[in-house]
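Next come the chains, spelled out residue by residue.
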Amino acid sequence: MTGGGVLPIAGGAAGRRELRRVAVLSLHTSPLNQPGTGDAGGMNVYVLETARELARHGVEVEIFTRATRSDLPPVEEAAPGVLVRNVVAGPFEGLDKRDLPTQLCAFTAGVLRAEAQHAPGYYDLVHSHYWLSGQVGWLARDRWAVPLVHTAHTLAAVKNAALAAGDVPEPLSRRIGEQQVVAEADRLVANTAEERRQLIAIHDADPDRVDVIAPGADLRRYRPGGAVAARAELGLDPAETLVTFVGRIQPLKAPDVLVRAAARVLAQDPDANLRVLVVGGPSGSGLRQPESLMALAAELGIAHRVTFMPPQPPDRLAQVYRASDVVAVPSHSESFGLVAIEAQACGVPVVAARVGGLGVAVRDGETGVLVDGHGIDRWASALGMLIRQPALRARMAAAAPRHAAAFSWSHTAEGLRSTYRRAMLDWDAQIAGQVVGQVGRGSDGRGSDGRGPD
Ligand code: UDP
């Protein structure tokens, strides 16, 4: 997978075994941003939580992200052993995610300059998240002579195959960029076996270099607790049946499917004491929402049954889950679906679309219900079943935390450490092989240009 042609320039990583410090690239969104609005979502949570866990195991992590406010310091400590480096690249505000490729050069320069302040060999490995960071990681890998691990998180082709009405397709340039990064990365991390298959089928990834590592949830924070107290804290009616949506409000996440299905349930059973809670902020191509979602609820005559809440920090979000009877994840496409795991960890059944990682995150019939497609009949029937059957809900609620317990960030970070070790060993073996080859050809054993493996 290491691309042909361009060779690493910096001097040898040969013989290095201990994993001490990782450079993590998260160009398009800072792990310190509030998730659930704009471009901040599950990836931000993933980057921060795995960094914390790696640091707990003695691996320092430095996360490079693009500065989006003028008052940000160049370096912030996110947690012991975890630094966030805010790289100035382009305007602080108002740069659309689709225009970020114009800032790849500026961002890359910032990353390389930060590394140049240190002695060679400061980072043992670079891990890029999302294809834009992968483009930067590819060059950093070559300059620093360390392996590149890449996580795509989402793929343009997969997203485009499941577009919601009104959604804008991902451009061909992204697909090309993804393909390049897949070809260049030394190892790839996929969230699920399905994502691994997609990387192989769409981008011709080398199957031996794709590791499946499930994301997790903060199980210390997300755990069952009193629903009555949670509702009192949030000012929610204790008598209503509460169905909650949590996430970035955009067409891909399909909160409209939940609102339509709730309207159908209420039309069939006007006595259903149902409330829909939508937690999150506008994002991407859904910038007109939640206004358009409010308008939809009004059009369907259920505006008085729908409550909107701005994005919540994690501790408040745990209370939101605990207050809920059901959490709905109707997404058209979902690489994994952290919300589904967090809700189950809090002891709440999940109704989810049978797409992407949600098929792994939810145990159909045991901890929730998986719905095929986005037809309102099916969604209303799944929701109606759970609303009308408290005993079924209670059974699923009891099973949910046991299922969620299999997904922890410490488990994810353990998987990452093993992927990193493997990448470093393969890298060193390539260098050793190159040196042996050169000795065999009568060279002095040093690369003629001091470069690493190709
Ligand atoms: N989130 C949050 N506050 C909110 C809404 C969401 O902290 O008000 C977090 C949530 O806890 C989850 C993440 O945002 O960890 C969303 O991740 P998910 O995988 O469900 O969706 P993505 O954003 O990656 O598409």
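Residues numbered from 1 in each chain as written. Predicted model: local features only at pLDDT ≥ 70, side-chain atom pairs only at ≥ 80, totals over all residues.

1. Points about the overall build of the protein
Put simply, the rule reads: In this text, helices come from DSSP runs of H or I with a minimum length of four residues, and strands from runs of E with a minimum of two, each type numbered from the N-terminal end. Our radius of gyration looks at C-alpha atoms and nothing else; its globule reference is 2.2 Å times the residue count to the power 0.38. Exposed residues have 12 or fewer other C-beta atoms within 10 Å of their own C-beta, buried residues have 20 or more, and residues in between are partly exposed; the C-beta atoms are placed from the backbone. Here contacts are defined at the residue level, using C-beta atoms placed from the backbone and a cut-off of 7 Å between them.
For the protein, the count of helices and strands is 15 helices and 14 strands. Taken over the C-alpha trace, the protein has a radius of gyration of 23 Å; the compact-globule value for 454 residues is 22 Å, and the two agree within 12%. Considered along the principal axes of its C-alpha atoms, the protein spans approximately 85 × 40 × 40 Å. The proportion of buried residues among the 454 residues of the protein is 50%. Here the analysis covers contacts within the protein between residues at least 6 apart in sequence; of these, 68% occur between residues at least 24 apart.

2. With respect to the packing of helix H7 (residues 227-234) against helix H10 (residues 314-323)
Short version of the rule: To get an axis, fit a line to the C-alpha atoms, keeping to the stretch in contact for a helix; angles then go from 0 to 180 degrees between the N-to-C directions. Each angle gets one of four labels, with under 35 degrees taken as roughly parallel, over 145 as roughly antiparallel, 65 to 115 as roughly perpendicular, and the rest as oblique. Helix crossings fall into two classes, left-handed where the near helix is turned counterclockwise from the far one by less than a right angle and right-handed where it is turned clockwise.
Between H7 and H10, whose axes approach to 8 Å, the crossing angle comes to 120 degrees. On the basis of the axis angle, H7 is oblique to H10. Considering the relative orientation of H7 and H10, their crossing is left-handed. Within the contact between the two elements, H7 uses Ala227, Ala230, Arg231, Glu233 and Leu234 and H10 uses Gln319, Val320, Arg322 and Ala323.

3. Side note on the domain arrangement of the protein
The condition is simple: Residue ranges assigned to each domain were obtained from an automatic or database domain assignment. Side-chain classes follow a simple rule in which Ala, Val, Leu, Ile, Met, Phe, Trp, Tyr, Cys and Pro form the nonpolar group, Asp, Glu, Lys and Arg form the charged group, and the remainder, Gly included, forms the polar group.
You can read the domains of the protein as domain 1 (21-216 + 409-440) and domain 2 (227-404). The C-alpha centroid of domain 2 is placed 31 Å from the C-alpha centroid of domain 1. Facing 26 residues of domain 1, the contacting portion of domain 2 comprises 24 residues. Of the residues in the side of domain 1 that touches domain 2, the class split is 9 nonpolar, 11 polar and 6 charged.

4. Brief notes about the UniProt feature "domain: Glycosyltransferase subfamily 4-like N-terminal" (unreviewed entry) in the protein
Convention followed: UniProt positions are given in the numbering used here, feature names are shortened, and annotations may be inferred rather than shown by experiment.
As recorded in UniProt, the sites labelled "domain: Glycosyltransferase subfamily 4-like N-terminal" (unreviewed entry) are residues 41-216. Taken end to end, residues 41-216 is 41% helix and 19% strand, and its first and last C-alpha atoms sit 14 Å apart.

5. Quick notes on the site of the ligand
Rules: By definition, a residue lies near a molecule or strand provided its backbone-derived C-beta atom is within 6 Å of it.
Contacts to the ligand come from 20 residues, most closely from Pro35, Gly36, Gly41, Gly42 and Leu338. Where the shell around the ligand is concerned, the elements lending two or more residues are helix H1 (42-56), H10 and helix H11 (338-345). When grouped by side-chain class, the residues that make up the shell around the ligand number 11 nonpolar, 7 polar and 2 charged.

6. Structural notes on the sheet that holds strand S2 (residues 60-66)
We apply this condition: We call two strands paired when DSSP finds no fewer than two bridges between them.
Strands sit in the order S3-S4-S2-S1-S5-S6-S7-S8 across an open sheet of 8 strands; the sheet is mixed. Looking along the sheet, the strands with just one partner apiece sit at the ends: strand S3 (75-79) and strand S8 (210-212). Each neighbouring strand pair of the sheet contributes to a mean axis angle of 25 degrees, computed without reference to strand direction. Across the sheet, helix H6 (residues 193-203) touches strand S7 (187-190) and S8, and the angle it forms with S8 is around 165 degrees. Of the strands in this sheet, strand S1 (21-25), strand S5 (125-129), strand S6 (148-151), S7 and S8 touch helix H15 (residues 409-440), which is tilted by about 165 degrees from S7.

7. Remarks on helix H8 (residues 255-268)
The criterion, for reference: What a helix is expected to span follows from its residue count: subtract one and scale by 1.5 Å.
Helix length check: H8 (14 residues) gives 20 Å between terminal C-alpha atoms against 20 Å at 1.5 Å per residue, within 8%. For H8, the tally of buried residues reaches 11 of 14 residues, placing the bulk of the element in the interior. Looking at H8, one finds that the buried residues are Pro255, Asp256, Val257, Leu258, Val259, Arg260, Ala261, Ala262, Ala263, Val265 and Leu266. Those residues of H8 hidden inside the fold are in contact with strand S9 (241-246), strand S10 (274-279), helix H9 (291-299), strand S11 (306-309), strand S12 (326-329) and helix H13 (376-388).

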